[in-house]
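Residues per chain are reported as follows:
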Amino acid sequence: MAKGENFKSTIHAKDVEISIVTSINNEDYISLTDIAKYKNPEFPADVIKNWLRVRSTIEFLGLWEQLHNQNFKLVEFDQFKIESGSNSFVLSPQKWIKTTNAIGIVSKSGRYGGTYAYKDIAFEFASAISPVFKLYLIKEFQRLKEAVLLYTRVLSRNSAIFT
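Please read these numbers as outputs of a predicted model, since none were measured by experiment.

**Student:** What is the right way to read the pattern of salt bridges from this model?
**Tutor:** Side chains carrying opposite charge are able to pair once their charged atoms draw close together. One pass over the structure, following the stated rule, counts 4 salt bridges. Among the salt bridges present, the one from Asp 34 reaches Lys 37, with a minimum N-O distance of 3.6 Å. The salt bridge partner of Arg 143 is Glu 140, with a shortest N-O separation of 2.8 Å. One end of the pair, Arg 143, and the other, Glu 140, are both in helix α7 (residues 131-161), 3 residues apart, so they sit about a helical turn from each other. We classify Glu 140 as buried; its relative accessible area is 16%.

So this is what it looks like as structure tokens:
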């Protein structure tokens, strides 16, 4: 997701504003930080870190990366998988990305930062937050994509009329 090549939009699920960044390649990354605010508005980063500690999360992320990322570092992933679930295991999104060369999660620190994930991963994260919330999130995401498709069709028809 190179800066300047992205389109940002917002949806609302269960009264939570959620940012979505769509890259020039039409890949959607949904804000995990915003999703986490549904569970803990004050400390959403802690919700994400706690989710990353769970073995099933690491297994899901590892499989997703293996399917979508030819540069994913399997040896480093296996080490996280072995350690996951133990009381002493702690993992931040930045450490996951840097260590495994992951592409499914993007994280930036600072005032305008946050953690975004590819839609498959974001929906999985939402399941851990609340199955009900996940369904509202999917419904609103689909509504947004349908609106974008309709807008694109209208633009396409209008440009055909004036050429």
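**Student:** Help me understand the packing of helix α4 (residues 74-83) against helix α5 (residues 93-100) in this model?
**Tutor:** Packing of α4 against α5 brings their axes to within 8 Å, and their N-to-C directions diverge by 140°. Where α4 approaches α5, its residues Glu 76, Phe 77 and Phe 80 are matched on the opposing element by Lys 95, Trp 96, Thr 99 and Thr 100. Residue composition of the contact of α4 with α5, grouped by class: 3 nonpolar, 2 polar and 2 charged.

**Student:** Would you take a moment to explain the pairing of strand β3 (residues 28-31) for this structure?
**Tutor:** In the case of a regular strand, side chains alternate between the two sheet surfaces. With burial as the criterion, each face of β3 is covered, one bearing Asp 28 and Ile 30 and the other bearing Tyr 29 and Ser 31. Note that β3 and strand β5 (residues 114-118) share 3 bridges and pair antiparallel. Looking across to β5, one finds that Ser 31 is bridged to Tyr 116.

**Student:** Sorry, what's going on with the layout of surface pockets here?
**Tutor:** Sizing a probe to match a water molecule and rolling it over the atoms shows the empty space that remains. As a volume, the second largest pocket reaches approximately 170 Å³. Along the walls of the second largest pocket sit 13 residues, with Thr 33, Ala 45, Ser 107, Gly 114 and Thr 115 positioned nearest its centre. Elements represented by at least two residues in the lining of the second largest pocket include exactly α2 (44-52), α5, β4 (105-108) and β5. The greatest single-element share of the lining of the second largest pocket, amounting to 3 residues, is contributed by α2. Each residue belonging to the lining of the second largest pocket can be placed in one class, and the counts come to 3 nonpolar, 8 polar and 2 charged.

**Student:** For this particular structure, what's the right way to read the packing of aromatic side chains?
**Tutor:** Each pair of aromatic rings is reported with the distance of its centres and the angle of its planes. Going through the model one piece at a time under the given rule, you end up with 10 aromatic pairs. Their ring planes at 80° and their centres at 6.3 Å tell us that Phe 77 and Trp 96 sit as a pair that is edge-to-face. Placement of the pair is Phe 77 in helix α4 and Trp 96 in helix α5, with a sequence separation of 19 residues. As far as the burial class goes, Phe 77 and Trp 96 line up, both buried. The interplanar angle of 80° and the centroid separation of 5.6 Å between the aromatic rings of Phe 123 and Phe 141 together place this pair among those described as edge-to-face. You can see Phe 123 sitting in helix α6 (residues 119-129) and its partner Phe 141 sitting in helix α7, a full 18 residues away along the chain. The exposure class assigned to Phe 141 is buried, which follows from its relative accessible area of 6%. Grouping aromatic residues by their ring pairs yields a cluster made of Phe 72, Phe 77, Phe 80, Phe 89 and Trp 96.

**Student:** How should I be thinking about the sheet that holds β5 in this particular structure?
**Tutor:** If you walk across this open sheet you meet the 5 strands as β1-β2-β3-β5-β4, and the pairing is antiparallel. Only two strands of the sheet have a single partner each, and these edge strands are β1 (7-13) and β4. The average angle at which neighbouring strand axes cross in this sheet is 25°, direction not considered. In terms of strand pairing, β4 meets β5 through 4 bridges, oriented antiparallel. Pairing of Val 106 across the sheet is with Tyr 116, part of β5. Of the strands in this sheet, β4 and β5 are in contact with α5, which crosses β4 at around 120°.

Rules behind the numbers
Residues numbered from 1 in each chain as written. Predicted model: local features only at pLDDT ≥ 70, side-chain atom pairs only at ≥ 80, totals over all residues. Heavy atoms only, no water. Salt bridge = Lys/Arg side-chain N within 4 Å of Asp/Glu carboxyl O. Helix = DSSP H or I, 4+ residues; strand = E, 2+ residues; numbered from the N terminus. Buried < 20%, exposed > 50% of the residue type's maximum accessible area, 1.4 Å probe, protein only. Axes fitted to C-alpha atoms, helices over the stretch in contact; angles between N-to-C directions. Contact = heavy atoms within 4.5 Å. Nonpolar A, V, L, I, M, F, W, Y, C, P; charged D, E, K, R; others polar. Pairing = 2+ DSSP bridges. 1 Å grid on protein atoms, 1.4 Å probe; cavity = no way out; pocket = protein on both sides within 12 Å on 5 of 7 lines; lining within 4 Å. Points joined across faces, edges and corners; volume = space filled by probe spheres on them. Phe/Tyr/Trp six-rings, centres within 6.5 Å; stacked < 30°, edge-to-face > 60°.

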